[in-house]
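Notes for the structure review
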Amino acid sequence: SIWIILFVCQMPVIFIFWNNQNSKIKNDISREGHQIAELIAITSQDFVANSETAKLKKQISYLKNKSEIEWAVFYDNNGRPLTSDNTIDENYDSIQIFSHDIQQNGNKIGSFKFGLSNKSAEKQQAQLYLFLFMSVILSLASLTASIIWLFNRLVSKPLAKIEYHANQIQSGNLEDDSNIH
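Residues numbered from 1 in each chain as written. Predicted model: local features only at pLDDT ≥ 70, side-chain atom pairs only at ≥ 80, totals over all residues. Heavy atoms only, no water.

Right, let's talk about the sheet that holds strand β1 (residues 69-76) for a bit. Spatially, 3 strands are ordered β1-β3-β2 in an open sheet, and the strand pairing comes out antiparallel. Only two strands of the sheet have a single partner each, and these edge strands are β1 and β2 (95-104). Ignoring strand direction, the axes of neighbouring strands in this sheet form an average angle of 15°. Both β2 and strand β3 (residues 107-117) contribute to a ladder of 10 bridges, which runs antiparallel. Pairing of Gln96 across the sheet is with Leu116, part of β3. (Pairing = 2+ DSSP bridges. Helix = DSSP H or I, 4+ residues; strand = E, 2+ residues; numbered from the N terminus. Axes fitted to C-alpha atoms, helices over the stretch in contact; angles between N-to-C directions.)

Turning our attention to the pattern of salt bridges. Inspection of every chain in the model, using the stated rule, returns 4 salt bridges. The closest approach of N and O atoms between Asp28 and Arg31, which form a salt bridge, is 2.7 Å. Of the two residues, Asp28 and Arg31 both sit in helix α1 (residues 2-43), 3 residues apart, roughly one turn of that helix. Among the ionic pairs, Asp76 bridges to Arg80, the shortest N-O distance being 3.1 Å. Accessibility expressed as a relative area gives 16% for Asp76, which makes it buried. (Salt bridge = Lys/Arg side-chain N within 4 Å of Asp/Glu carboxyl O. Buried < 20%, exposed > 50% of the residue type's maximum accessible area, 1.4 Å probe, protein only.)

Core analysis: the biggest nonpolar cluster contains 19 residues, and Val48, Ile69, Phe74, Ile102, Phe112 and Phe114 have the highest contact counts within it. Elements supplying a minimum of two residues to this core: α1, α3 (53-66), β1, β2 and β3. Top contributing element to this core by residue count: α1, with 5 residues. Sequence-distant contacts of Ile69, defined by excluding residues within four places in its chain, comprise Ile36, Leu63, Lys64, Phe114, Gly115 and Leu116. (Core = buried A, V, L, I, M, F, W, Y, C linked by side-chain atoms within 4.5 Å. Contact = heavy atoms within 4.5 Å.)

Attention now goes to unusual backbone geometry. With a phi close to 50°, Ser51 is a non-glycine residue in the positive phi region. Its location among the elements puts Ser51 in the loop between α2 (45-49) and α3. Phi at Asn105 is positive, roughly 55°, even though this residue is not glycine. Inspection of the secondary structure puts Asn105 in the loop between β2 and β3. According to the relative accessible area criterion, Asn105 is exposed, its value standing at 75%.

Encoded structure:
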């Protein structure tokens with residue numbers, strides 16, 4: 001009885017937890033993307049101002065090797081690419097796009113744009129789904145064990161007592177007056 005109540009109460013909690021975790025994962029990815037964009041914009045000011053494409057390409061190469069960044073491009077103040085990336089894919093289902101203006105002395109001198117893969121978010125969601133699945137399985141196992149225990153307590157034990165007393169009567173022992181309840 002208490003197990004059934006706990007199981008019924010647990011389902012909405014699991015659903016709320018799943019929704020909160022799902023939005024937390026999305027917010028974490030978004031925050032990470034904005035932080036990367038801001039950091040790159042700050043650290044690449046001089047390279048953009050001097051149109052040092054080799055150093056900008058080196059930054060992009062480093063980023064692509066060390067993170068979930070799928071592609072990245074630096075632009076000058078007029079929107080012309082200072083670097084090019086043949087892997088640009090603005091497929092919004094698997095990549096989130098981030099950009100940030102690059103400023104020097106308060107003036108815009110260019111911008112940085114990149115695509116951040118959702119692979120890490122998808123991996124976190126898969127782990128969340130596994131956790132929720134295991135929680136539901138554990139809850140169902142607890143519920144099943146509770147029902148078996150309840151059935152044993154309310155049905156099987158009294159039937160065993162009745163069978164015992166019936167066997168006593170059948171064997172001719174009519175003096176056993178113990179309570180059947």
